[in-house]
Amino acid sequence: MKKINDLVIVSHVLHYKWDNILYAYGPYAREIDIWADLFPKVTIAAPLRNEKPPSECLPFGRSNINAFPQLESGGDSMQDKILQVLSLPVLLIGLSAAMWRADAIHVRCPGNLGLLGAILAPLFSRYRVAKYAGQWNGYENEAWSYRLQRKILRSNWWKAPVTVYGDWAGQPKHVIPFFTSILSSQQLEFAQKNLINKQLHQPLRILFVGRLTREKNVHILLDALRLLQGKGIQFECRIIGDGSMRFQLEEKLRSLKLFAEEIFLGALPFEKVL
């Protein structure tokens, strides 16, 4: 049996190189560190910017992780979508070049590179795994490409392990329920004990932890807080995280005239979040 040395990870996550150090979104970087403990060499095929990373990013903690830069594409406007279609040959060539060297392939979905990775990976390696870090059962008005990625990953074309958040009935055996790998068993046990003893408080305590991006729907959370305030329900809210929408969300907070203080705490170290 061939020794598996080089894991290639296909990811749409934006990576940064600054002072010769590789960075990415914090929880993602910690998860990739775990993969790097399992393989002698990890190569990440993903978009890469040579600039200072935003505050939500952390450096990778393993020396055996390298980047294989891919074309940065995507966006919501019609112009962005047209450019993405035109860039398809470049994306396919770039991913193929990365996968050609792979002993094993890990594809991260949903995302534009994840879609192409799910199509290409079976051509390059029998040793492959995918992670679908989204809502596996779908939702109203979701992107058609997300539905297509799930269809591919459920199909006999992929027919390799796919980890998903949640246990959904009627799924193929290779679709495996999975919970985040960045929490230890001791931390999960501690959380379960707290859940048993949890009681509702007055004022209500509301916590959000995650990136401040459109798909995380923090703007809807702010609308919900305004409804609570309108009904005279007292609450405390803390929003932990950073991202491209922070300025817009802070503006929305002011426009809604919410009375809650210290809502946006920014990015915090993992231990402090817990």
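This is a predicted model, so every value here is computed, not measured.

**What about the overall build of the protein?**
Inference 1: Helix and strand content of the protein: nine helices and 13 strands.
Inference 2: Radius of gyration (C-alpha) of the protein: 20 Å, near the 19 Å computed for a compact globule of 274 residues.
Inference 3: Reported as C-alpha extents along the three principal axes, the dimensions of the protein are approximately 65 × 45 × 45 Å.
Inference 4: Looking at the protein as a whole, 41% of its 274 residues are labelled buried.
Inference 5: A separation threshold of at least 6 residues defines the contact pool for the protein, and within that pool the share at least 24 residues apart is 69%.
Inference 6: Accessible surface for the protein amounts to roughly 16,400 Å². Of this, 56% is attributable to carbon and sulfur atoms.
Inference 7: Between the mean site of the 34 positive side-chain charges and the mean site of the 24 negative ones, the protein shows a separation of 6 Å.

**So, the pattern of salt bridges**
Inference 1: Enumeration according to the criterion identifies twelve salt bridges in this entry.
Inference 2: Of the charged contacts, one joins Arg-49 and Glu-51 as a salt bridge, the two residues approaching to 3.7 Å between their closest N and O atoms.
Inference 3: Note on Glu-51: relative accessible area 34%, which makes it partly exposed.
Inference 4: Among the charged side chains, a salt-bridge network with shared partners connects Glu-31, Arg-108 and Lys-131.

**A closer look at helix α5 (residues 144–154)**
Residues spaced three or four apart along an α-helix face the same direction, because each turn holds 3.6 residues.
Inference 1: Listing the buried residues of α5 in full gives Ser-145, Gln-149, Arg-150, Ile-152 and Leu-153. Burial along α5 is one-sided: seen end-on, the buried residues are contained in an arc of 160 degrees. Counted as exposed and oriented over 90 degrees from the buried face of α5: Trp-144 and Lys-151.
Inference 2: Looking at the buried residues of α5, the elements they touch are β7 (104–109), α4 (112–124), β8 (128–132) and β9 (162–165).

**So, the sheet that holds strand β12 (residues 235–240)**
Inference 1: Pairing in this open sheet of three strands is parallel, and the strands run β11-β12-β13 from one edge to the other. The two strands at the open ends of the sheet, each matched to only one other strand, are β11 (204–209) and β13 (264–266). Sheet twist, expressed as the average angle between the axes of neighbouring strands with direction ignored, equals 20 degrees.
Inference 2: Where β12 meets β13, two bridges bridge the pair, whose relative direction is parallel. Within β13, the residue paired with Ile-239 across the bridge is Phe-264.
Inference 3: Across the sheet, helix α7 (residues 218–230) touches β11, β12 and β13, and the angle it forms with β12 is around 170 degrees.

Cut-off values and rules
Residues numbered from 1 in each chain as written. Predicted model: local features only at pLDDT ≥ 70, side-chain atom pairs only at ≥ 80, totals over all residues. Heavy atoms only, no water. Helix = DSSP H or I, 4+ residues; strand = E, 2+ residues; numbered from the N terminus. Rg over C-alpha atoms; globule rule 2.2 N^0.38 Å. Buried < 20%, exposed > 50% of the residue type's maximum accessible area, 1.4 Å probe, protein only. Contact = heavy atoms within 4.5 Å. Areas by Shrake-Rupley, 256 points an atom, 1.4 Å probe, with all protein chains shown as cover. Lys, Arg positive; Asp, Glu negative; His and termini not counted. Charge placed at Lys NZ, Arg CZ, Asp CG, Glu CD. Salt bridge = Lys/Arg side-chain N within 4 Å of Asp/Glu carboxyl O. Arc of directions from axis to C-beta. Pairing = 2+ DSSP bridges. Axes fitted to C-alpha atoms, helices over the stretch in contact; angles between N-to-C directions.

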